[in-house]
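# Secondary and tertiary structure notes
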Amino acid sequence: SCLNEKAPIIEDLEVRLLEGSASRAQRLGTFIRSTNFASVSGIEEPSESMVQWVADREAVLREADLVFEDASEEFSSLQAVWAKLQPWRRQYTKKYKEAFMGEMLPSILSPFLRLESLEWNPVDSPAVDELPFVATLFDENEDSMDDELNAGDDSLVPRLVSMVIVPRILHALQREYTPTMLTQSKSLAACVESASMFLEDEDPAAIKSMITAAATAMRASIEQVEMVNDLHESAAFQLVLLVESAGCWSNLLSPSTMQVFWLCHHVVILSV
């Protein structure tokens, strides 16, 4: 089918975009470790790193715009496909349910969501509940709350979050996250928290994976700073930033994990 032909193309675009984001994060990490900062507000991404990332990202997004160029408009986006299904869903509910459409919808819609989510990056973008697909799918379901018409669609958004959004968040936490960048911590914590709201019943293991990845990234950053034998001023400032970033995760990380970050604050006070 057309969708089966498009799926590998979408996957390739996603891989290229994610690898570009990971390379950007690696360059930023190297820059931070090799620079002495004069203040806690002194960490800014080098312009050359940003320019390269923007150029690579825009190239991928231009190709993404062409993926469904040869498809009819009604089968060219998640919103269009979902709208196409509504007459069947509303007028022939029994047949819709007998065809197990509620169960198949996540697999049908996920390639479209993956393509449309290429522009979204958890480290600097809106939280999950603000993404367009959530409003599109929830608005239709809210118009028809009875079980007969929902036909299994009530778990559609949570399943799509689990299939498409969680892997993006995990990649960001594991390969793109720079915890000394407070803006990234705020954005990622908001994404994890909003994704978790959808996953409490659908996929609690995914929630645990995201929180574990966040804690691992924060601990790794602390260890990198503490590897400096003489805790010079720049390292102390980085620890301050890590403590501030930890505050973004206070609603998600366990008290024992948070205690590690509060101890860093005492280390900074004693060392400066």
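Residues numbered from 1 in each chain as written. Predicted model: local features only at pLDDT ≥ 70, side-chain atom pairs only at ≥ 80, totals over all residues. Heavy atoms only, no water.

### Some words on the overall build of the protein chain
Counted only if it meets this: Helix and strand labels come from DSSP, where a helix needs a run of H or I of at least four residues and a strand needs a run of E of at least two; each type is numbered from the N terminus. Burial classes: relative accessible area under 20% of the type maximum marks a residue as buried, over 50% as exposed, and values in between as partly exposed (1.4 Å probe, protein chains only). The criterion used for residue contact is that any of the two residues' heavy atoms lie within 4.5 Å. Accessibility throughout is a Shrake-Rupley quantity obtained with a 1.4 Å probe, and a residue counts as covered only by protein chains that appear here.
A count of helices and strands for the protein chain gives 12 helices and 0 strands. Taken over 272 residues, the protein chain has a buried fraction of 47%. Intrachain contacts of the protein chain at a sequence separation of at least 6 include 76% that bridge at least 24 residues. Working note: accessible area of the protein chain is about 13,800 Å², and carbon and sulfur atoms make up 54% of it.

### Let's talk about the nonpolar core
Stated precisely, the cut-off is as follows: Residues grouped as a nonpolar core are buried Ala, Val, Leu, Ile, Met, Phe, Trp, Tyr and Cys residues, joined through side-chain atoms within 4.5 Å.
Val128, Phe133, Val161, Ile169, Leu173 and Trp249 are the most contacted members of the largest nonpolar core, which has 60 residues in total. Contributing elements (two or more residues each) for this core: α1 (2-33), α2 (47-64), α3 (78-91), α5 (101-116), α6 (132-142), α8 (156-176), α9 (182-199) and α10 (204-226). Sorting elements by how many residues they give to this core places α8 first, with 11 residues. Not counting chain neighbours up to four residues away, the residues in contact with Leu173 comprise Leu188, Val192, Met210, Ala213, Ala214, Ala217 and Trp249.

### Notes on unusual backbone geometry
Within the chain, Phe100 stands out as a residue other than glycine whose phi angle is a positive 55°. With respect to the element layout, Phe100 can be found in the loop between α4 (93-98) and α5. For Phe100, a relative accessible area of 52% corresponds to the exposed category.

### Notes on the confidence of the model for the protein chain
Segments scoring low in pLDDT should not have their predicted coordinates read at a detailed level. Let me state the cut-off plainly: One number per residue, pLDDT, summarises how confident the predictor is, and it ranges from 0 to 100.
Within the protein chain, residue pLDDT values average 83, and 81% of them lie at 70 or more. For the protein chain, per-element mean pLDDT is lowest for helix α7 (residues 147-150), which scores 56, and highest for α8, which scores 96. Confidence over residues 266-272 falls short of pLDDT 50; this stretch has 8 contacts with residues more than four positions distant or in other chains.

### Points about the packing of α3 against α5
For the record, the criterion: Throughout, an axis means a line fitted to C-alpha atoms (over the contacting stretch in the case of helices), and angles, computed between N-to-C directions, take values from 0 to 180 degrees. Should an angle lie under 35 degrees it is considered roughly parallel, over 145 roughly antiparallel, and from 65 to 115 roughly perpendicular; all remaining angles are considered oblique. By the convention adopted, Pro, Cys, Tyr, Trp, Phe, Met, Ile, Leu, Val and Ala count as nonpolar, Lys, Arg, Asp and Glu as charged, and the other residues, Gly among them, as polar.
The contact between α3 and α5 brings their axes to 9 Å, and the two run at 155°. Comparing the axis directions of α3 and α5 gives the class roughly antiparallel. Counting all contacts with α3, which are made through Leu78, Gln79, Val81, Trp82, Leu85 and Trp88, the residues of α5 involved are Met101, Leu105, Ile108, Leu109, Phe112, Leu113 and Glu116. Broken down by class, the residue content of the contact of α3 with α5 amounts to 11 nonpolar, 1 polar and 1 charged.

### Things to note about the environment of Ala220
Residue placement: Ala220 occurs in helix α10. Taking the C-alpha atoms as reference, Ala220 lies 9.4 Å from Pro179; in sequence the two are 41 residues apart.

### Quick word on the pattern of salt bridges
Selection criterion: Only one rule defines a salt bridge in this text: a Lys or Arg side-chain nitrogen within 4 Å of an Asp or Glu carboxyl oxygen.
Applying the stated rule across the entire model yields 7 salt bridges. Between Asp12 and Arg16 there is a salt bridge, with the nearest N and O atoms lying 3.8 Å from each other. Separated by 4 residues within a single helix, Asp12 and Arg16 lie in helix α1, roughly one turn from each other. A residue is classified by how much of its surface remains accessible, and Arg16, at 35% relative accessible area, is partly exposed. With a closest N to O distance of 3.9 Å, Asp124 and Arg24 form a salt bridge.

### Observations concerning α8
Note the threshold: Expected helix span is taken as 1.5 Å per residue step, with the number of steps being one fewer than the number of residues. Consider a residue and the seven residues that end there alongside the seven that start there; fitting an axis to each set, the bend is the angle between those axes.
Over its 21 residues, α8 extends 28 Å from the first C-alpha to the last, a length consistent with the 30 Å expected when each residue adds 1.5 Å. Of all the bends found along α8, the most pronounced is centred on Ile165 and spans about 40°, while Pro167, a proline, follows it within four residues. With 15 of its 21 residues buried, α8 lies for the most part within the structure.

### Details of the environment of Phe198
For Phe198, the location among the structural elements is in helix α9. Discounting residues that sit within four places of it in the chain, Phe198 has contacts with Val128, Asp129, Val134, Phe138, Val157, Pro158 and Val161.

### Description of the packing of α8 against α9
A packed helix pair is summarised by two numbers, namely the angle formed by the two axes and the spacing between the axes. In plain terms, the rule: Take the far helix as the reference: if the near one is turned anticlockwise from it by less than a right angle, the crossing is left-handed, and if turned clockwise, right-handed.
Between α8 and α9, the shortest axis-to-axis distance is 10 Å and the interhelical angle comes to 155°. Taken together, α8 and α9 sit at an angle that is classed as roughly antiparallel. Helix-helix and strand crossings are classified by hand; for α8 and α9 the assignment is left-handed. Between α8 and α9, the residues in contact are Val157, Pro158, Val161, Ser162, Val166, Ile169, Ala172, Leu173 and Glu176 and Gln184, Leu188, Cys191, Val192, Ala195, Phe198 and Leu199, respectively. By residue class, the composition of the contact of α8 with α9 is 13 nonpolar, 2 polar and 1 charged.

### Notes on the packing of aromatic side chains
Rules: Pairing of aromatic side chains requires ring centres within 6.5 Å, counting the rings of Phe and Tyr and the six-membered ring of Trp. Pairs whose planes differ by under 30 degrees are stacked, by over 60 edge-to-face, and all others tilted.
Applying the stated criterion to the full structure yields 3 aromatic pairs. Ring geometry for Phe68 and Phe112: centres 4.9 Å apart, planes at 20°, overall stacked. In this pair, Phe68 is assigned in the loop between α2 and α3 and Phe112 in helix α5, connecting sequence segments 44 residues apart. Across this residue pair, the class does not change: Phe68 and Phe112 are buried.

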